[in-house]
Amino acid sequence: MNKPRRSAQWAWAFNDWANSAFATTVLVGFFPIFFKQYWATEVDATDATLYLGLGNSAAALIVMLISPWLGALADRLGAAKRFLGVFTVLGALATFTLAFVGAGQWHLAIVVFALASIGFFGSLTFNDALLVNVATPEESDRVSSFGYGLGYLGGGLLFLVNVAMVLKPEVFGLADKVAATRAAFISVALWWLLFSIPLFLRVPETRNANQQPFGWREIFATVRQISQHRPVWMFLLAYFLYIDAVGTLAQMAVDFGLNLGFASDSLIKALLIVQFVSFPAAIGFGYLADRIGTKRAIYLGLSVYIAVTIWGYFMQTEAQFYQMAAAIGLVQGGVQSLSRSYFARLIPPEQAGQFFGFYNMLGKFAAVLGPLVVGIVAATTGNPRLSILALIAFFIIGIVLLARVPEPVQR
């Protein structure tokens, strides 16, 4: 491999390292806990779960609506990196602002969190689209998995520091856990901005000569194109279903543990287990895909998720929560990274932004549906265990549909 392409692959992968700090410390780590124990202390626990689900869903809905249009526009203008920069700055600034939301201001906390989530989720379309610029089809599984692996490592390392800050605030010169959590939000914002820089310096981007005005007519033309391309729409349907359950488990796991009465410190430790198990496991899945095939590797990961979901219904102790976290860590990055690389091989490289816009649109629509279903089931039944079982059907149907996706033609 030539040196510039290897440099570009490292720079691209480091964007996963950068933005994963938000996913770990904020999205699935401190925000759900801080929301219930600081911002929404006067709100009933099941109602707080519903509001948390609504905040996640609102952000995902907005990104779902704009991703295809912006992805296509980025292709037309050769502007994937520019759009990535806009969403990165939005996410980082909103995360920074979370540190200054006062006690009891749960309405404001949800709004600012939603803006930060829009920045995070919105950036993924353009980051994913740039995969085709740094990796050949033969390299895509390994490069995508490497990115996810670095993401888990980077996010995990900062999360480890943030956890230490919250557990021992005096060591870091902080007054208490509240001050430590605020400092953690600030550290995520700075980390996100700093480690995004290599991508903008090293990753190439093709400039499209066609820069005519772009509108919804072209979006509908892309929809028609996808509908005529059976491997693409079959994969997107399968992906929509199984990534719904994957994302919901990740986003609502801490809230689920809180509802079962587990200590917040124990839940944070479980998230650390997921991060550091996922680092080597995600990279390993890239090599596993080379040996057994990408789809078989995804099947393996989703089968583990089904077993973990059933296990979650019967879970009783914090030790079991740790074990479940380790099991998820073994497959989470693999399912996500191989889905991204498999889709990259199905689509025209010159329309990567446009097609990844639809890819992330469905992922975000799943993020609208999943947390909302979990929140509604928990609120109406008063039993959080029942809500997790609703996700099994999504995994099973997703596997069945994925099996019907024709293998991509090598370019």
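Up top is the structure.
In what follows, the accompanying structure is described. In this text the structure is predicted, and so the values were computed from the model without any measurement.

On a plain count of helices and strands, the chain comes out with 15 helices and 0 strands. A buried classification covers 59% of the 411 residues belonging to the chain. Expressed as a percentage of contacts within the chain between residues at least 6 apart in sequence, the contacts between residues at least 24 apart total 86%. As displayed, the chain offers around 15,900 Å² of accessible surface, 67% of which is attributable to carbon and sulfur atoms.

Where helix α6 (residues 140-167) meets helix α7 (residues 177-202), the axes come as close as 8 Å, and the angle between the chain directions of the two elements is 160°. Taken as axis vectors, α6 and α7 run roughly antiparallel relative to one another. By crossing handedness, the relation of α6 to α7 is classed as right-handed. Residues Gly 154, Leu 158, Asn 162, Met 165 and Val 166 of α6 form the contact with α7, whose own contacting residues are Lys 177, Ala 180, Thr 181, Ala 183, Ala 184, Ser 187, Val 188 and Trp 191. Its residues placed into classes, the contact of α6 with α7 shows 8 nonpolar, 4 polar and 1 charged.

Looking now at the environment of Val 86. Tracing the sequence through the fold places Val 86 in helix α3 (residues 80-98). Overall, Val 86 belongs to the exposed group, its relative accessible area being 53%.

Inspection of the secondary structure puts Leu 108 in helix α4 (residues 106-129). Sequence separation of Leu 108 and Trp 39 is 69 residues, and the distance between their C-alpha atoms is 9.1 Å.

The biggest cluster of nonpolar side chains holds 132 residues, and the ones touching the most others in it are Phe 31, Trp 39, Phe 235, Tyr 242 and Phe 343. For Phe 31, the residues in contact, after removing those within four places along its chain, are Thr 25, Val 26, Trp 39, Leu 52, Leu 98, Ala 109, Ile 110 and Phe 113.

Time to look at the pattern of salt bridges. Counted by the stated rule, this structure contains 5 salt bridges. As a salt-bridge pair, Asp 290 and Arg 142 come within 2.8 Å of each other at their nearest N and O atoms. With Asp 290 in helix α10 (residues 264-292) and Arg 142 in helix α6, this pair connects stretches of sequence that are 148 residues apart. Among the residues examined, Asp 290 registers a relative accessible area of 40% and is labelled partly exposed. Take Arg 142: its relative accessible area is 32%, and that puts it in the partly exposed class. It is possible to trace a salt-bridge network through shared partners that takes in Asp 16, Asp 128 and Arg 340.

The rules we used
- Residues numbered from 1 in each chain as written.
- Predicted model: local features only at pLDDT ≥ 70, side-chain atom pairs only at ≥ 80, totals over all residues.
- Heavy atoms only, no water.
- Helix = DSSP H or I, 4+ residues; strand = E, 2+ residues; numbered from the N terminus.
- Buried < 20%, exposed > 50% of the residue type's maximum accessible area, 1.4 Å probe, protein only.
- Contact = heavy atoms within 4.5 Å.
- Areas by Shrake-Rupley, 256 points an atom, 1.4 Å probe, with all protein chains shown as cover.
- Axes fitted to C-alpha atoms, helices over the stretch in contact; angles between N-to-C directions.
- Parallel < 35°, antiparallel > 145°, perpendicular 65-115°, else oblique.
- Left-handed = near helix turned anticlockwise from the far one by under 90°.
- Nonpolar A, V, L, I, M, F, W, Y, C, P; charged D, E, K, R; others polar.
- Core = buried A, V, L, I, M, F, W, Y, C linked by side-chain atoms within 4.5 Å.
- Salt bridge = Lys/Arg side-chain N within 4 Å of Asp/Glu carboxyl O.

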